[in-house]
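Here is what each chain is made of, one letter per residue.
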Amino acid sequence: MKHQDIINAIHQVLCDTMFIPQINAFHEEARLNEDLYLDSVLVLELILNLETELGFDIPDDALKKDDFDTVASLATFLNRRITGNSLPESEMEAEPASTEPSEEFEDIKVHCFVSCICEIVKADPRVDHRPFYFGVWDAEVVVDEQFRLSYHSEEINHDFFKRWYQTLYGVKMHSWYQDHASKAENINSLLSLLHNKPEQRRVMVMLDMYRLPERENKFNQNPFPHYVLLEETDDPNTWFMTDPDFRWEGPLPKTRVLNAIESPAVSGGYYFDGDDIRPTDRQSIHDYFMACIKPDHNPMTYAVRAIISAHLSPDKNLVLSDLSDALKQIPVLAIRKYAYEHGFAYFWREMNLDDDVFEAWCVVIEALVETYTLIQFRAMKIAKSGTIENVDPQLVSEVYSLLDQQDERELHIKKHLIEAFEQWKSLHLAPNQLAAPVVNLVEEV
């Protein structure tokens, strides 16, 4: 099969099977995410449909995100899978070595609420924002009555984070959004807050990113509730938006931002003042870690397992083909696991430990995040079976095996994070007592 034939097949699936609304932007160099608005779940759906269309199978270990950057890179990848051909010589040239310096302990963002309120903490050299991410790796996930996974619900509040934010950094968060008031009344409150904002104050609002596709479409959720920071500019028709979670800031038309805030799917907003920040005592960090760590339980993997089991159980009367939609928010939730890097980074810096060992743990955490993609891919294949009777038992066995591996991997990460915490505690919180035995933080990475 020629390269162009595969390009044509990709177009046909996107147009006639998946009915993507941005099909007019299709061309060989179109980017799957930025131009065609395909998030990781839609890319997996595209792959599954192409497997049927072109008659091949993609093993799990072949799912590398670099192959799914553009239509052309996807076609090249598929051609290799179908024909077994190696890359063209021009594509086999070694990548030039990066001239960019490596970023030690790269600052990751994994939770929009936490990322927004950590912005002022990051700007203050007296405090460290990383411990606040202890609460993110197992942050609450929602499984509704139809066994659908979600990162957002009207029932979720952020009282836990608000309380510990004040305990750790001394900053009180004030809610300006009133649930009993109309959307227009809340927007008037926002306009007043922004117009009268002191320099050190931050104004935070929840908006629907689906209404700002030009800003961020990585996850292509509809709706896509998301917290950002806003401020006025010299131009009354332009606001300055800071989106710490996606590492973006810049001007946007005020009307576009207001349209995203007016979405009925979103509600919420806070303001808080950087003047209130005070240094954090280590006892509070100790107490926060203890409040966050779940050494014997992985809530997200537990939720994914429960959803898959429910859809495979005749007693639940669920539609098996709905399993794909039930798990479509896995990518949004999986990135929270990068918060473990913040945990390791904090203890590593506090104890001046070996960077190479930290990097080794980052590899384990990366595997934890990426395995959720494999689980999702297998679950989508199960959903494509249509009925429980048609499901390949091997697929079911494989997805449960991946879930078992995921549980084991995450408990392994927690075990060693707790050991680092114990060593940190013995060094910094009990100087007059006999130090606890120093565990080997290098072995078993």
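Here, every reference points to the structure presented above.
Residues numbered from 1 in each chain as written. Predicted model: local features only at pLDDT ≥ 70, side-chain atom pairs only at ≥ 80, totals over all residues. Heavy atoms only, no water.

Observations regarding the nonpolar core
In this structure, Phe 132, Tyr 165, Met 204, Leu 230, Ile 261, Ile 308 and Phe 347 are the most contacted members of the largest nonpolar core, which totals 110 residues. Of all the elements, helix α14 (residues 355–384) adds the most residues to this core, at 14 residues. With near-sequence residues (within four places) excluded, Phe 132 lies in contact with Val 114, Ile 117, Cys 118, Phe 161, Trp 164, Tyr 165, Leu 168, Tyr 169 and Tyr 288. Core analysis: the second largest hydrophobic core is formed by 32 residues, Ile 10, Ile 23, Ile 58 and Phe 377 among them. (Core = buried A, V, L, I, M, F, W, Y, C linked by side-chain atoms within 4.5 Å. Buried < 20%, exposed > 50% of the residue type's maximum accessible area, 1.4 Å probe, protein only. Helix = DSSP H or I, 4+ residues; strand = E, 2+ residues; numbered from the N terminus. Contact = heavy atoms within 4.5 Å.)

Examining empty space enclosed by the protein
According to the stated counting rule, one finds 1 cavity of 30 Å³ or more in the structure shown. Roughly 50 Å³ of volume is contained in the largest cavity. Around the largest cavity, the lining residues are Trp 137, Asp 138, Ala 139, Val 141, Pro 299, Met 300, Leu 333, Arg 336 and Lys 337. Residue composition of the lining of the largest cavity, by class: 6 nonpolar, no polar and 3 charged. (1 Å grid on protein atoms, 1.4 Å probe; cavity = no way out; pocket = protein on both sides within 12 Å on 5 of 7 lines; lining within 4 Å. Points joined across faces, edges and corners; volume = space filled by probe spheres on them. Nonpolar A, V, L, I, M, F, W, Y, C, P; charged D, E, K, R; others polar.)

Comments concerning unusual backbone geometry
Keep in mind that most residues, glycine aside, have a negative phi and that most peptide bonds are trans. Phi is positive for Arg 247, which is not a glycine, with a value near 50 degrees. Along the chain, Arg 247 turns up in the loop between β6 (238–243) and β7 (248–253). In the Ramachandran plot, Asn 317 falls in the positive-phi region, its phi being about 55 degrees despite a non-glycine side chain. The topology assignment puts Asn 317 in the loop between α10 (299–311) and α11 (323–326).

Some thoughts on helix α1 (residues 3–17)
Compared with the 21 Å implied by 1.5 Å per residue over 15 residues, the 21 Å span of α1 between its first and last C-alpha is a close match. Of all the residues in α1, the buried ones are Ile 6, Ile 7, Ala 9, Ile 10, Val 13 and Leu 14. Mapping the buried residues of α1 onto a view down its axis gives an arc of 160 degrees, with all of them on the same face. Against α2 (40–54) and α3 (71–83) lie the buried residues of α1. Two residues or fewer after α1 comes Phe 19, characterised by a positive phi angle close to 50 degrees. (Expected span 1.5 Å × (residues − 1). Arc of directions from axis to C-beta.)

With respect to the packing of α2 against α14
Helix-helix packing is described using two parameters, namely the angle between the two axes and the distance between the axes. In the contact formed by α2 and α14, the axes pass within 10 Å of each other and the chain directions differ by 50 degrees. On the basis of their axis angle, the class for α2 and α14 is oblique. Like other packed secondary-structure pairs, α2 and α14 cross with a definite hand, here right-handed. For the pair formed by α2 and α14, the contact residues are Val 41, Leu 44, Glu 45, Ile 47, Leu 48, Asn 49, Glu 51 and Thr 52 on the first element and Thr 373, Gln 376, Phe 377, Met 380, Lys 381 and Lys 384 on the second. The residue inventory of the contact of α2 with α14, partitioned by class, reads 6 nonpolar, 4 polar and 4 charged. (Axes fitted to C-alpha atoms, helices over the stretch in contact; angles between N-to-C directions. Parallel < 35°, antiparallel > 145°, perpendicular 65-115°, else oblique. Left-handed = near helix turned anticlockwise from the far one by under 90°.)

Thoughts on the packing of α2 against α3
Between α2 and α3, the least distance of the axes is 13 Å, while the angle of their chain directions is 45 degrees. One way to sum up the angle between α2 and α3 is to call them oblique. Taken as a pair, α2 and α3 cross one another with a handedness that is right-handed. In contact with Leu 46, Ile 47, Leu 50 and Leu 54 of α2, α3 contributes Leu 74, Leu 78 and Ile 82.

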